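Below are the chains, spelled out letter by letter.
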Amino acid sequence: MSKSDHQRLLIIDFGSQVTQLIARRLRELNIYCEIHPFHDVTAGFLRDFAPRAVILSGGPASVTAQGSPRPPSDVFELGVPVLGICYGQQVMMDMLGGQVERGAGTAEFGRAYVTPSQDRIELLKGWFLETREQVWMSHGDHVSKIAPGFEVYGTSPHAPYAITADLSRNFFAVQFHPEVHHTPNGRTLYENFVRLAGFTGDWTMAGYRDEAIARIREQVGDAKVICGLSGGVDSSVAAVLIHEAIGEQLTCVFVDHGLLRQNEADEVVTMFRDHYNMPLIHADESDLFLGELDGVSDPETKRKIIGRLFIDVFQKHANEVGGAAFLAQGTLYPDVIESVSVSGGPSVTIKSHHNVGGLPEKMGLKLVEPLRDLFKDEVRALGRELGLPESFIGRHPFPGPGLAIRCPGEITREKLEILRRADAVYIDQIRKHGLYDEIWQAFVAILPVRTVGVMGDGRTYDFACALRAVTSVDGMTADYYPFSHEFLGETATRIINEVPGINRVTYDITSKPPGTIEWE
């Protein structure tokens, strides 16, 4: 079964910051869906895509503004269920004959409570088992008049049309966001919507694995493929999937830049060369990278040096393969979505990203991206289908520049060795306390300062370090993990006692935003 053979749901994006969460909720229900910005959805697109249902996302615009974003009117002529969320509700009401007004004391941001206004409909099966449902609102405008054919099925103090529906056409509209976790029963609403749309849930990882293998074989034929292997989840899953499809036609290149965690290079090489019997070039280029980084303290300069060297080194070793026609990358669906802007406008560059983006054109290679339809949690599920060890599948994200950006200021071999040892103790503590899977990412940063300390009867003058641990869904926003003081005290004692070179430990409690997860 190809991707086009699945029952498909279309999400039309109007720029909401949480549109990806809609897709994630649906994928969790084994529903294949795609997000497309409103300006790409034309009548012809709708005919080709042939969705079984459509969801209109939220967004920051005002329906009352001239030139505000709209879906094509053909959406409402498809004869399939349509669900409008927040801005999606407002644009649906406006286009179908209702009215939307600005402000006037009805704006809502944050937690709200919806109560039923009449008998429950299929969309609300499992809702209102208590007297009201908690939802998350984020709107300035409000619907002041519903469109002909719609009735009200739920209200909140500031949204008299919080839930509306035209049952004859299977059109539904809600003012709140059921995709966010602040709407605890939101998943049930999505389950009801896809059930009444006739979805059977035919999107599974076992099925995807078979389809992906068939597509890789068809695309590659008998050509050779090279894959830049970092040891992270995405590149590891991509490599194992492609190897299962084409075997010895794949060669992986693992560039060891000297900025990896303790024992990481050995673990990666052992798993892929020995466990999977996969052709692998282990390129130990640590002297080159550390030599060029010597004396460099600016974080952007570090990233650019590492990115440039990675491309040069990867190309050098890839040439050893000879005759490769394809480059494999672990591109994920969020990368695809974020490459297409809803507004078309420029965005601010917070950090340069380490990748092999310049290689395909430079080397005359075509891309193989078998994960480009998947979210991160789906990649992990595919990894389990492929039999990767849980220790790899569940690993915390690790940045391409590695420990270079966890070492603010100048990088030295001494500081890297101290950092590796401290990080190993910290992660060991997290695992011993059973917290690893609760945390999105955890690491130690070694700070560019030395502090005075006392150990035994002697004075020390060593480095300070910062512990970092965050919880997150997708890395776009993050909160610090609330360790107990007992855990932090025990961990600090272990690091200071077991890692020569550190005499002071701090804990970073900055959220993202305003901070970033990594220190550089």
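Remember, predicted model here, so these are calculated numbers, not experimental data.

**Q** For the sheet that holds strand E15 (residues 324–328), give the residues involved together with the corresponding values.
**A** The pairing of strands in a sheet happens through backbone hydrogen bonds and is either parallel or antiparallel. Taken in spatial order, the five strands of this open sheet run E14-E13-E12-E15-E16, and their pairing is parallel. Lying at the two open borders of the sheet, with one neighbouring strand each, are strand E14 (280–284) and strand E16 (366–368). Averaged over all pairs of adjacent strands, the angle between their axes in this sheet comes to 30°, without regard to strand direction. Pairing between strand E13 (residues 250–256) and E14: five bridges, direction parallel. Following the sheet pairing, Phe254 is matched in E14 by His282. Sitting on the sheet, helix H5 (residues 205–220) is in contact with strand E12 (224–228), E15 and E16, with an inclination near 165° to E16. In the packing of helix H9 (residues 299–321) onto the sheet, contacts are made with E12, E13, E14 and E15, and the angle to E12 comes to roughly 150°.

**Q** Tell me about the side chain of Glu179, and name the residues and values.
**A** Within the secondary structure, Glu179 sits in the loop between strand E11 (171–174) and helix H4 (186–196). In terms of polar contacts, Glu179 uses its side chain to reach the side chain of His177, at 2.8 Å. Of the polar contacts made by the side chain of Glu179, one reaches the side chain of Tyr190; its length is 2.9 Å. Excluding anything up to four places from it in sequence, Glu179 contacts Val18, Leu21, Ile22, Arg25, Ile85 and Tyr190.

**Q** If you had to explain the packing of aromatic side chains to someone new, which residues and values would you point to?
**A** Aromatic ring pairs are defined here through the distance separating the ring centres and the angle between the ring planes. Tallying each qualifying case throughout the model produces 16 aromatic pairs. Summarising the aromatic geometry, the rings of Trp127 and Phe128 are spaced 5.8 Å apart at their centres and angled 80° between planes, so their arrangement reads as edge-to-face. On the basis of an interplanar angle of 80° and a centroid distance of 6.4 Å, the ring pair of Tyr480 and Tyr507 is categorised as edge-to-face. With Tyr480 in strand E19 (residues 479–480) and Tyr507 in strand E20 (residues 502–507), this residue pair connects regions lying 27 residues apart in the sequence. A relative accessible area of 34% means that Tyr480 is categorised as partly exposed. The side chain of Arg450 reaches across the aromatic face of Phe463, ending 4.0 Å from its centre.

**Q** Requested: an account of the layout of surface pockets, with residues and values cited.
**A** In this approach a probe as big as a water molecule rolls over the atoms, and the regions it shows empty are the leftover space. Taken as a whole, the second largest pocket holds about 440 Å³ of empty space. Arg261, Gln262, Glu267, Ile427 and Arg431 are, among the 15 residues lining the second largest pocket, the residues nearest its centre. Counting residues per element, the ones that place at least two in the lining of the second largest pocket are helix H7 (264–275), helix H13 (390–393) and helix H14 (413–432). The element contributing the most residues to the lining of the second largest pocket is H14, with six residues. Looking at the lining of the second largest pocket residue by residue, the class counts come to four nonpolar, three polar and eight charged.

**Q** Outline the packing of helix H8 (residues 286–293) against H9, listing residues and values.
**A** At a minimum axis separation of 10 Å, H8 and H9 run at an interaxial angle of 150°. As far as their axial angle goes, H9 and H8 are roughly antiparallel. When you trace H8 past H9, the crossing you get is right-handed. Of the residues in H9, those touching H8 at Leu288, Phe289, Glu292 and Leu293 are Lys302, Ile305, Ile306, Arg308, Leu309, Phe310 and Val313. Considered class by class, the residues forming the contact of H8 with H9 number eight nonpolar, no polar and three charged.

**Q** Report on H4, specifying residues and quantitative values.
**A** Within the sequence span of H4, burial applies to Gly186, Thr188, Leu189, Tyr190, Asn192, Phe193 and Val194. Residues of H4 that are buried in the fold lie against strand E1 (8–13), helix H1 (19–28), strand E3 (53–56), strand E4 (82–85) and E11. Just past H4, the residue Gly198 takes up positive phi, approximately 85°.

**Q** Please set out empty space enclosed by the protein residue by residue, giving values where relevant.
**A** This structure, assessed with the given rule, holds one cavity of 30 Å³ or more. Lining the largest cavity are 10 residues; nearest its centre among them are His142, Val143, Ala159, Tyr161 and Gln175. Among the secondary structure elements, those contributing two or more residues to the lining of the largest cavity are strand E8 (142–145) and strand E10 (159–166). At four residues, E10 tops the list of elements feeding residues into the lining of the largest cavity. Residues of the lining of the largest cavity, tallied by class, amount to five nonpolar, five polar and no charged.

**Q** A description of the pairing of E10 should follow, citing residues and the corresponding values.
**A** In terms of burial, E10 is largely enclosed, as six of its eight residues are buried. Bridge analysis of strand E9 (residues 151–156) against E10 gives four bridges, and the strand direction is antiparallel. Its bridge partner lying in E10, Gly154 is registered against Ile163. Hairpin geometry of E9 and E10 is characterised by an intervening segment of two residues between the two adjacent antiparallel strands. By the bridge criterion, four bridges tie E10 to E11 in an arrangement that is antiparallel. By the bridge assignment for E11, Asp166 is matched with Phe171.

Criteria and cut-off values
Residues numbered from 1 in each chain as written. Predicted model: local features only at pLDDT ≥ 70, side-chain atom pairs only at ≥ 80, totals over all residues. Heavy atoms only, no water. Pairing = 2+ DSSP bridges. Helix = DSSP H or I, 4+ residues; strand = E, 2+ residues; numbered from the N terminus. Axes fitted to C-alpha atoms, helices over the stretch in contact; angles between N-to-C directions. Contact = heavy atoms within 4.5 Å. Polar contact = N/O pair within 3.5 Å; in protein donor to acceptor, adjacent residues only side chain to side chain. Phe/Tyr/Trp six-rings, centres within 6.5 Å; stacked < 30°, edge-to-face > 60°. Buried < 20%, exposed > 50% of the residue type's maximum accessible area, 1.4 Å probe, protein only. Lys NZ or Arg CZ within 6 Å of the ring centre and 35° of its normal. 1 Å grid on protein atoms, 1.4 Å probe; cavity = no way out; pocket = protein on both sides within 12 Å on 5 of 7 lines; lining within 4 Å. Points joined across faces, edges and corners; volume = space filled by probe spheres on them. Nonpolar A, V, L, I, M, F, W, Y, C, P; charged D, E, K, R; others polar. Parallel < 35°, antiparallel > 145°, perpendicular 65-115°, else oblique. Left-handed = near helix turned anticlockwise from the far one by under 90°.

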